[in-house]
Amino acid sequence: MKMDALVKRYQEVGLWLEQAEVPVLKEGEALVKIHKTAICGTDVHIYDWNQWAQNTIKTPMIIGHEFVGEIVEIKGHSPKFKVGDLVSAEGHVTCGHCRNCLRGDKHNCANAEGIGVNRNGIFAEYAAIPLSNLWKCDKNIPEEMYAIFDPFGNATHTALAFPVLGEDVLITGAGAIGIMAAAICKYAGARHVVITNRSDWRLDFAKQVVPGVITVNTKTTNLKDVQRDLGMTEGFDVGLEMSGNVNAFNDMIANMINGGKIALLGLGIEGGIEWDKFIFKGLTVQGIYGRKVFETWHKMTTMLQGGLDISKIITHRLPYTEFKQGFELMSSKKSGKIILEWNK
């Protein structure tokens, strides 16, 4: 049986819409009919065939890992799931036997494989997903929200790494994850939430998604002036680094309160970090990778059930046959999350 799929066929720029075999299930897997998927920055790297992709991706491969769909077949015993369930899934397939897996810290599994990165993904009409990775969806929450649970989970894991109730929070980087993190911090009771970027479009977009967020273009505005205007006297209590930019990170360090806490998600920060300031301020930094399995998923669900609204983070909805337009929009840096529809 054949299906449509987006395949990284060749070691060059692009993806190819092809006919592929519907996956044959292994024991402990579910066959999921894909309803909606979302394009991730990782998918853009693979599409562009940058150095990371060249070092990581084995071709040919079906890519993609952000989705929502319906179980149509199960192989093996499953007391939790049944055919017809609406599901999303954790994108890291963990080994189950390393020290971190055994103590419940699956997000720190050293042997994890990424769906759509190290194994076939979900940009297809059907995908085989381990039952242990599935998350059963509340059908009262819009399906497209579950299609972005992967990046929403990155934002949740980062934003809730440290208590933010009553705190002043600085977020460097107004990509989709940074903006969602700002919404979570507001929802969780932070006093001031400031998000920085060097793109006016992204900062305007942040204000559309998160009413009340304070946006700062660091090309024209100094964060010390922002602190003064807000009546802050000692610095930000919590920092969320989402940009992967060393200048933004140093700006964060310089504006943290002594003893402040930083959750670090952004990748790509290289040399030039002002470690002396970091040390003299007594800062704590926590590296963030992925989502806590499945505590972060629980938090995402309950926040949406409780009234958190991040729906405006989704800016475009396209049929999967128009995937090239979706990748062009992502590369323009003037979009939020982009949904590819697979329902026929």
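Above this text sits the structure in question.
Residues numbered from 1 in each chain as written. Predicted model: local features only at pLDDT ≥ 70, side-chain atom pairs only at ≥ 80, totals over all residues. Heavy atoms only, no water.

Asks: Would you explain the overall build of the protein chain in this entry?
Replies: The helix and strand tally for the protein chain stands at 12 helices and 18 strands. Expected size for 344 residues packed as a compact globule is a radius of gyration near 20 Å; at 20 Å, the protein chain falls within 12% of this value. The C-alpha extent of the protein chain, read off along each of the three principal axes, is 65 × 40 × 35 Å. Taken over 344 residues, the protein chain has a buried fraction of 54%. Considering only contacts within the protein chain whose residues lie at least 6 apart along the sequence, 66% involve residues at least 24 apart. A total accessible area of about 15400 Å² is found for the protein chain, and carbon and sulfur atoms account for 49% of it. Computing the positive centroid from 37 side-chain charges and the negative centroid from 38, the protein chain places the two 2 Å apart. (Helix = DSSP H or I, 4+ residues; strand = E, 2+ residues; numbered from the N terminus. Rg over C-alpha atoms; globule rule 2.2 N^0.38 Å. Buried < 20%, exposed > 50% of the residue type's maximum accessible area, 1.4 Å probe, protein only. Contact = heavy atoms within 4.5 Å. Areas by Shrake-Rupley, 256 points an atom, 1.4 Å probe, with all protein chains shown as cover. Lys, Arg positive; Asp, Glu negative; His and termini not counted. Charge placed at Lys NZ, Arg CZ, Asp CG, Glu CD.)

Asks: Any chance you could explain the pattern of salt bridges here in plain terms?
Replies: Side chains carrying opposite charge are able to pair once their charged atoms draw close together. Counting across every chain of the model gives 18 salt bridges. A salt bridge links Glu341 to Lys36; the shortest N-O distance between them is 2.6 Å. Here Glu341 is found in strand β18 (residues 337-341), whereas its partner Lys36 is found in strand β3 (residues 29-38), with 305 residues between them in sequence. Residue class for Glu341 comes out partly exposed when judged on its relative accessible area of 23%. (Salt bridge = Lys/Arg side-chain N within 4 Å of Asp/Glu carboxyl O.)

Asks: What am I meant to see in a nonpolar patch on the surface here?
Replies: A cluster of nonpolar side chains, namely Trp275, Ile279 and Phe280, defines an oily patch on the protein surface of about 410 Å² accessible area. Tracing the chain through its elements places Trp275 in helix α10 (residues 275-280). (Patch = residues over 30% accessible without salt bridge, like charges linked within 9 Å, V, L, I, M, F, W, Y side chains within 5 Å.)

Asks: Please clarify how helix α1 (residues 41-48) should be interpreted in this entry.
Replies: Note on helix geometry: an α-helix contains 3.6 residues per turn, so any two residues three or four positions apart are oriented the same way. Along α1, the residues classified as buried are Asp43, Val44, Ile46 and Tyr47. Seen along its axis, α1 keeps its buried residues to an arc of 160°; they face one direction. Positive backbone phi, at 60°, marks Trp49, one or two positions downstream of α1. (Arc of directions from axis to C-beta.)

Asks: Could you clarify how one ought to interpret the state of the cysteines in this entry?
Replies: Where two cysteines share a covalent bond between their sulfur atoms, that bond is called a disulfide. One pass over the full model with this rule turns up 0 disulfides. There is no disulfide at Cys101, and the cysteine sulfur nearest it, in Cys98, is 3.7 Å away. (Disulfide = S-S within 2.5 Å.)

Asks: Looking at this model, I keep getting lost on the packing of α1 against helix α12 (residues 323-332). Mind explaining?
Replies: The relative placement of two packed helices comes down to the angle between their axes together with the axis-to-axis distance. For the pair α1 and α12, interaxial distance at closest approach is 10 Å and the crossing angle is 105°. Compared by their axis directions, α1 and α12 come out roughly perpendicular. Residues Gly41, Asp43, Val44, Tyr47 and Asp48 of α1 pack against Phe323, Lys324, Phe327, Met330 and Ser331 of α12. Of the residues contributing to the contact of α1 with α12, the split by class is 5 nonpolar, 2 polar and 3 charged. (Axes fitted to C-alpha atoms, helices over the stretch in contact; angles between N-to-C directions. Parallel < 35°, antiparallel > 145°, perpendicular 65-115°, else oblique. Nonpolar A, V, L, I, M, F, W, Y, C, P; charged D, E, K, R; others polar.)

Asks: Just checking my understanding: could you explain the side chain of Glu125 for this structure?
Replies: Residue position: Glu125 is located in the loop between β8 (113-114) and β9 (126-130). Reaching out from Glu125, the side chain makes a polar contact with the backbone nitrogen of Asp4 at a distance of 2.6 Å. (Polar contact = N/O pair within 3.5 Å; in protein donor to acceptor, adjacent residues only side chain to side chain.)

Asks: Would you mind showing me how to read the packing of aromatic side chains here?
Replies: Pairs of aromatic rings are described using the distance from one ring centre to the other and the angle between the two planes. Enumeration according to the criterion identifies 11 aromatic pairs in this entry. Aromatic side chains Tyr10 and Trp16 sit 5.0 Å apart centroid to centroid with 90° between the ring planes, which places their arrangement in the edge-to-face category. Assessed through its relative accessible area of 44%, Tyr10 is described here as partly exposed. With a centroid separation of 6.0 Å and 70° between ring planes, the pair formed by Phe294 and Trp297 is classed as edge-to-face. (Phe/Tyr/Trp six-rings, centres within 6.5 Å; stacked < 30°, edge-to-face > 60°.)

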